[in-house]
Each structure stands twice: as structure tokens, then as C-alpha cells.
Amino acid sequence: NSSFIALLNVLYGVQIPPVTRDYPDTWGYPLDGNYITQEQWRGVWNLLGSKHGVTYWRHLQTYWWSRLFLTRAQRYYNEIVYVTARPERMHDAAVDALKALGVDSPRVIIAHEKAETLARIGATDFIDDRDRNFDECLHLPMRFYMQDQPWNRAYRHADVRRVYTPLGILTGEQAAA
């Protein structure tokens, strides 16, 4: 996303093309495109996991529809749970970010194994934009929605519905084919 690209520019002076409808076409685009080294990749994630990363996570740019979706979803679902693989110390920053988006009582779970967590909490719906997160969860009895992004366009699975925004999920509209 643009926040991550800007951070890489500040830290390493690299010029990565801006996010467009068709770019980046992989999740690990800074590495895949040879914009940064593996050492720099580890360095940026170490920074984002440190106390200095709290401001980044708290103010991370969201999708244009995030506030509207979360406001409506609070009326539609019994509970909204945000499961993220962010560093543990970023829990409160994620809670603060969700409150800023209008979530009344955000529940944030830090977990690197999403399937195990989703099964434990009895999730009914799963929305994500990272393709590999679906593969580990497809055995679970739930509905799957992939937020359409250039980096996940190659991913296809009959049980995963691609959506341009998750707003249609709440109204029963078919979003993207």
C-alpha cells in the first residue's frame, strides 16, 4: 500500500511505483521487484514491530469504504473480530485505529495462524486481501470474501467470492465476479 511504499522510500530511498489497479501484482512486491534487499525487508518489519511502529499501525491508510462498511457491519453481525498477524505490541494501535473508524468495541486478535483462531471463535465470514490466507482457512465452514487487489488477481477458488468492496456482503449484492 502507499503507506508502506512511502516508508520504504524514507528508510532506504527506493522509488517504488505507486499502487494502481494493476500494480503490484504480488504480495511481496518490494522484494519480488528487487526494490529492496532481504536485509532491508527484515529491517522494515523489525521497525514496524518495535515501539516506533505504533504510530504507523495506528494511522495506517485504510480503504475508502472502511468506515462505512464497519459502521454497517456492526448492525449486521453479532460481533466483528479483527484477526491480524501484526506484531503483538501493535494490539492497542489496531484497537485505536478501529475505534477511529467507528467500531464501538473493537476486538483484535493477534494471530499468525488465522484458521486456528477463526475456528476457535466460531467465525462465520472471512474477509481478507492476502491470497495465501484463504488456503489455510478453506476447510472451515464459513463464507469467504477476497477484497480485490492487484496482488491477488491470479487467485481463484470456487468457495472464495471476490469483492471490490465488502459493502455488498451486507446487502446481499453480488460484488465482483
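Scroll up a little and you will see the structure.
Description of the structure in this document. (Residues numbered from 1 in each chain as written. Predicted model: local features only at pLDDT ≥ 70, side-chain atom pairs only at ≥ 80, totals over all residues. Heavy atoms only, no water.)

1. Considering the side chain of Asn133
So, step 1. Mapped onto the elements, Asn133 comes out in helix 8 (residues 131–135).
So, step 2. According to the relative accessible area criterion, Asn133 is buried, its value standing at 10%.
So, step 3. With residues near it in sequence (within four places) discarded, Asn133 still touches Lys114, Phe126 and Asp128. (Helix = DSSP H or I, 4+ residues; strand = E, 2+ residues; numbered from the N terminus. Buried < 20%, exposed > 50% of the residue type's maximum accessible area, 1.4 Å probe, protein only. Contact = heavy atoms within 4.5 Å.)

2. With respect to the side chain of Thr117
So, step 1. Along the polypeptide, Thr117 turns up in helix 7 (residues 114–121).
So, step 2. On the accessibility criterion, Thr117 (3% relative accessible area) is buried.
So, step 3. In this view, Thr117 contacts Val83, Ile109 and Ala111; residues no more than four positions away in its chain are not counted.

3. Some details on the environment of Arg72
So, step 1. For Arg72, the position within the fold is in helix 5 (residues 66–76).
So, step 2. Leave out the neighbours within four places in its chain, and Arg72 touches Leu167 and Leu170.

4. Some points on the packing of aromatic side chains
So, step 1. All told, the structure shown has 14 aromatic pairs when counted by the stated rule.
So, step 2. Aromatic side chains Phe4 and Trp41 sit 5.8 Å apart centroid to centroid with 80° between the ring planes, which places their arrangement in the edge-to-face category. With Phe4 in helix 1 (residues 2–12) and Trp41 in helix 3 (residues 38–48), the pair connects residues that are 37 residues apart, well separated along the chain. In this pair, the class of Phe4 matches that of Trp41, namely buried.
So, step 3. Geometrically, the ring pair formed by Tyr56 and Trp57 is edge-to-face, given 5.2 Å between the ring centres and 85° between the ring planes. Taken as a pair, Tyr56 and Trp57 share a single burial class, namely buried. (Phe/Tyr/Trp six-rings, centres within 6.5 Å; stacked < 30°, edge-to-face > 60°.)

5. Examining the sheet that holds strand 3 (residues 125–128)
So, step 1. The strand order 3-4-5 describes an open sheet built from three strands, whose pairing is parallel. Strands at the two margins of the open sheet, each flanked by one partner only, are strand 3 and strand 5 (160–163). On average, each strand axis in the sheet is tilted by 25° relative to the strand beside it, whichever way the strands run.
So, step 2. Strand direction decides the pairing type here: strand 4 (residues 143–147) and strand 5, joined by four bridges, are parallel. In the strand pairing of strand 5, Met146 is matched with Arg162. (Pairing = 2+ DSSP bridges. Axes fitted to C-alpha atoms, helices over the stretch in contact; angles between N-to-C directions.)

6. Topic: the pattern of salt bridges
So, step 1. Counted under the stated rule, the structure contains eight salt bridges.
So, step 2. Where Arg153 meets Asp22, a salt bridge forms, and the shortest distance between an N and an O atom there is 3.9 Å. Of this pair, Arg153 sits in the loop between strand 4 and strand 5 while Asp22 is found in the loop between helix 1 and helix 2 (29–32), placing the two residues 131 residues apart along the sequence.
So, step 3. The class of Arg153 is partly exposed, set by a relative accessible area of 23%.
So, step 4. In this structure, Asp125 and Arg143 form a salt bridge, with 2.8 Å as the shortest nitrogen-oxygen distance. Here the residue Asp125 occupies a position in strand 3, and Arg143 occupies one in strand 4, the gap between them amounting to 18 residues.
So, step 5. Overall, the relative accessible area of 16% leaves Asp125 in the buried class.
So, step 6. Exposure remark for Arg143: the relative accessible area of 46% places this residue in the partly exposed category.
So, step 7. Each of the salt bridges in this network shares a partner with another, and the network as a whole consists of Arg21, Asp22, Asp148, Arg153 and Arg162. (Salt bridge = Lys/Arg side-chain N within 4 Å of Asp/Glu carboxyl O.)

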